[in-house]
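Read off the chains here:
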Amino acid sequence: MHQYLIELSKYFILIFMLLYMLVSICYFGVRSDGARRAVYAFQRIFMLFMQFSCFLTLTLVSQDYRYLVFFTMIQFFIFGMIFLVTICFDKADGYLLNHMCMLLGIGLCMIARLSGIGTQTRFLASKALRQYVIAAVSLFIAMLVAYLFLKLNFLRKLSLLYAAAGIALLSAVLVLGSVTHGSKISYTLFGITFQPSEFVKIIFVFFLASALWKKASFGRVFLTAAAAGLHVVILTVSRDLGSAVIFFVAFVIIVFAASGNFIYPLLGILGGGAASYAAYRIFDHVRVRVLAWWDPWTYIDDQGYQVTQSLFAVGSGNWFGMGLLKGNPKAIPFVEVDMIFSSICEEMGVLFGICVIMICIFCFLEIVMISLKTEDMFYRLIAFGIGAVYIFQVFLTIGGGIKFIPLTGITLPFVSYGGSSVMTSMLMFFIVQAIHIRYREQEINIRQKPEEQPQEEELQEASDDDPSQAERQETHDDPAQEELQEASGQPREEKMQEASDQTQEKEIQAAEEQDGGTEEQIQQNCDQG
């Protein structure tokens, strides 16, 4: 019975994931707020059951009940986050929030499986618990940033500050940073190691939005390109080529969104191709990654080992997966950071991996829709830029793991292990939430605007031009007169027409009497003569 439950568990995991996806797809067909709240509720129910099935499987296979303890901690964090966000930001986008929680839950589950729980001492020092604590701290920081983003109205005026801060942080890593896998990407401060380029991505998007929201003329784009190019050059010298590619793509997409000129994407494609060829000729580790991507089987014992092991993992998983703790994902080097998607496909199945990709795409689509609904160009460019950074990072991570593109060492947002990655991803999503809240508040204010306000404005304009006309307008709009007219049963137009006819008749009678009086006076004068 125990073995049957373990074997069936992977199918239950997939069923709950497919149900979650079905409800997520239905979201795009609903329009009322009540129907959307129902979608959010069903998403959370299926998310809970899916994650429970995952951790129950880990517990049954390993006979370690600490997995269930960790599951309880995760659910307390996820549903506590949903509760806090709903209370503090009642107009937040529940669809985007649920997807973020789903990806976080999948990531924590896989990191717990890969790092292992083991004894109590190992659990307290495990990567899973460390990721959990970083995610909890990131939540409060992201909520604070979202609150400040809603209150501060001068952020669009700080373009020079954004550029200076981004260049300074990247330069500090170039000079003082530590080398990780051949690249200077991290910096240790007070015993805490973080990757500044992850946070500079957000600052970079703010810089581009603040520089181009008012106008995107050629001169302004040229100056912005010079500052953006300096960011990319520093990253290239630091050999952080994955981040350099993300910065470059974000610049091209935001410039196109601000200008609407198709020349810029074409120039970006040409420039990107030339830069890629130059990087291939200059940097040795770029040539190694290209060779490992082009023909990993020839270099399977050396440069191509990571790629080939990733392909073995995806292929052995088939559609339904081998089951949690049944595969061998640890054979892949740096699996928690670079290749976590391959481990998901191996043990949970390719269908589950496709669902993860669809969740990432749904997040991107929701961010784009929030961007398009926002009328303020500054906030629109920020949301669009964050969406571009997010989906391109997903593309680089998954594409490198399945040999679609060369490896870049970029993490999968919310899923891969990495404190800087999960904190940056949460900051980006909460900034988008703040933009959505701002839009919703403006929409509600427009709907609640009283209908009498246009009439009051017309009345004020009339009083400025002609006081007598304003008085007549007030008399005409007097509710008491309207009630009398309605009580008489006679429409206002007919009464006005009758009043006009009576006035004309009185004027005609007065004119006839005057003419008659004049003729009689002439006749009397003739008789006297």
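Shown above is the structure to which this text applies.
Presented here is a report on the structure given in the accompanying data block. All of these numbers come straight from a predicted model, not from anything done at the bench.

Side note on the packing of helix α7 (residues 159-176) against helix α9 (residues 218-237)
Right, on to step 1. Running from N to C, α7 and α9 cross one another at 15°; their axes reach a closest spacing of 9 Å. When the axis of α7 is compared with that of α9, the two are roughly parallel. Between α7 and α9 lies a crossing of left-handed hand. Within the contact between the two elements, α7 uses Ala163, Gly166, Ile167, Leu170, Ser171 and Leu174 and α9 uses Ala227, Leu230, His231, Ile234, Leu235 and Val237.
Right, on to step 2. The class makeup of the residues in the contact of α7 with α9 is nine nonpolar, three polar and no charged.

Section: the packing of helix α8 (residues 196-212) against helix α16 (residues 377-401)
Right, on to step 1. Running from N to C, α8 and α16 point in directions that differ by 145°, and their axes come no closer than 9 Å. The handedness of the crossing between α8 and α16 comes out as right-handed. Where α8 approaches α16, its residues Glu198, Lys201, Val205, Phe206, Ala209, Ser210 and Leu212 are matched on the opposing element by Phe378, Leu381, Ile382, Gly385, Ile386, Val389 and Gln393.

Points about helix α4 (residues 94-115)
Because an α-helix packs 3.6 residues into every turn, residues spaced three or four apart end up facing the same way.
Right, on to step 1. Compared with an ideal rise of 1.5 Å per residue, which puts 22 residues at 32 Å, α4 spans 31 Å between its outermost C-alpha atoms and is within 8% of the ideal.
Right, on to step 2. Counting buried residues in α4 gives 22 out of 22 residues, a clear majority hidden from the surface.
Right, on to step 3. Between a side-chain oxygen at the N-terminus of α4 and the backbone nitrogen of Tyr95 the separation is 3.0 Å; the capping residue is Asp93.
Right, on to step 4. Among the residues trailing α4, Gly116 stands out with phi positive, at a value near 80°.

Considering the pattern of salt bridges
Right, on to step 1. In total, this model carries six salt bridges according to the counting rule given.
Right, on to step 2. Ionic pairing is found between Asp64 and Arg66, a salt bridge with its closest N-O pair at 3.6 Å.
Right, on to step 3. With its nearest N and O atoms 3.7 Å apart, the salt bridge here joins Glu336 to Lys127. Here Lys127 lies in helix α6 (residues 127-151) and Glu336 lies in the loop between α13 (305-317) and α14 (340-348), a separation of 209 residues in the sequence.
Right, on to step 4. The exposure class of Glu336 is buried, given its relative accessible area of 14%.
Right, on to step 5. For Lys127, a relative accessible area of 31% puts it in the partly exposed group.

Rules and cut-offs
- Residues numbered from 1 in each chain as written.
- Predicted model: local features only at pLDDT ≥ 70, side-chain atom pairs only at ≥ 80, totals over all residues.
- Heavy atoms only, no water.
- Axes fitted to C-alpha atoms, helices over the stretch in contact; angles between N-to-C directions.
- Helix = DSSP H or I, 4+ residues; strand = E, 2+ residues; numbered from the N terminus.
- Parallel < 35°, antiparallel > 145°, perpendicular 65-115°, else oblique.
- Left-handed = near helix turned anticlockwise from the far one by under 90°.
- Contact = heavy atoms within 4.5 Å.
- Nonpolar A, V, L, I, M, F, W, Y, C, P; charged D, E, K, R; others polar.
- Expected span 1.5 Å × (residues − 1).
- Buried < 20%, exposed > 50% of the residue type's maximum accessible area, 1.4 Å probe, protein only.
- Polar contact = N/O pair within 3.5 Å; in protein donor to acceptor, adjacent residues only side chain to side chain.
- Salt bridge = Lys/Arg side-chain N within 4 Å of Asp/Glu carboxyl O.

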